[in-house]
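Each chain, letter by letter, is given below.
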Amino acid sequence: MIRARGHVEALAFTLAALVPGVAEGVLRDAVVVDGGADSDAQDLAEAAGAAYVTWDGGGASADNPWRAGVGSVRGPWFLLLSAGEVPGPNWIAAADHFTRSARNDGSALFRDEASGIWGLAGGLVSRLKGRRALTSGMIVPRGAIEQGFADASRIHRLSAGLQRRAG
């Protein structure tokens, strides 16, 4: 699931980078969640064979844009990305291993972006709350998207990072 945020060039970069995951059978479906009706993003998503869903920030998914796209994907696991991000080297093997071995109990695979004092503070807050907000770079089960968070006690680190392209 990719949040487009109106960045069509960055969206194209992300979609193209996911093709090897489709070829390896790790990814089945793609859905682009966009904050508005962007015809260029919609055209690109459709050309790539991805579903296109708009998220207006309201309704049942007000605090969870990922929830807006959950109904467009058949599989039990979701890779969450923002336009312009691509999984780093070895992501296919890491994702495949995780989804084959993890139980569908709220476990999440996470590539932590934050570092320094803010990363430490965010980690402590999520441990105290027992849950972690869904963010780009996570692989989560359907239930985590439906509830809007991942169980902080079941988060595992991703061995492959994300790379970003401006846009």
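Cut-off values and rules
- Residues numbered from 1 in each chain as written.
- Predicted model: local features only at pLDDT ≥ 70, side-chain atom pairs only at ≥ 80, totals over all residues.
- Heavy atoms only, no water.
- Helix = DSSP H or I, 4+ residues; strand = E, 2+ residues; numbered from the N terminus.
- Buried < 20%, exposed > 50% of the residue type's maximum accessible area, 1.4 Å probe, protein only.
- Contact = heavy atoms within 4.5 Å.
- Areas by Shrake-Rupley, 256 points an atom, 1.4 Å probe, with all protein chains shown as cover.
- Pairing = 2+ DSSP bridges.
- Axes fitted to C-alpha atoms, helices over the stretch in contact; angles between N-to-C directions.
- Core = buried A, V, L, I, M, F, W, Y, C linked by side-chain atoms within 4.5 Å.
- Parallel < 35°, antiparallel > 145°, perpendicular 65-115°, else oblique.
- Left-handed = near helix turned anticlockwise from the far one by under 90°.
- Nonpolar A, V, L, I, M, F, W, Y, C, P; charged D, E, K, R; others polar.

### Describing the overall build of the protein
Summing up its helical and strand segments, the protein has seven helices and twelve strands in all. Burial status across the protein gives 44% buried among its 167 residues. Intrachain contacts of the protein at a sequence separation of at least 6 include 69% that bridge at least 24 residues. A total of about 8,700 Å² of accessible surface is found on the protein, and carbon and sulfur atoms cover 51% of it.

### Observations regarding the sheet that holds strand β1 (residues 2–3)
Two orientations exist for strands paired in a sheet by backbone hydrogen bonds: parallel and antiparallel. Pairing is parallel in the open sheet, where four strands are placed in the order β3-β2-β1-β5. Each having just a single partner strand, β3 (51–54) and β5 (81–82) make up the two edges of the open sheet. Bridge count between β1 and β5: two bridges; the pairing is parallel. Paired with Arg3 across the bridge in β5 is Ser82. Along the sheet, helix α3 (residues 39–47) makes contact with β2 (31–34) and β3, crossing β3 at roughly 150 degrees.

### As for the nonpolar core
Grouped together as the largest cluster of nonpolar side chains are 22 residues, with contacts concentrated most on Ile2, Leu11, Leu18, Val32, Leu79, Trp91 and Ile139. Looking at this core, the elements that each hand over two or more residues are α1 (8–17), α3, β4 (77–79) and α5 (91–101). Counting residues per element, this core draws most heavily on α5, which supplies four residues. Aside from chain neighbours lying at most four places away, what touches Leu79 is Met1, Leu18, Leu27, Pro87, Trp91, Met138 and Ile139. Grouped together as the second largest cluster of nonpolar side chains are 16 residues, Val33, Val53, Leu134 and Ile145 included.

### Overview of the packing of α1 against α3
Contact geometry for α1 and α3: axes closest at 10 Å, N-to-C directions at 15 degrees. Our classification of the angle between α1 and α3 gives roughly parallel. Crossing hand, α1 versus α3: right-handed. Taking contact as the criterion, the partners of Val8, Leu11, Ala12 and Leu15 in α1 are, on α3, Asp40, Ala41 and Leu44. Of the residues assigned to the contact of α1 with α3, the class counts are six nonpolar, no polar and one charged.

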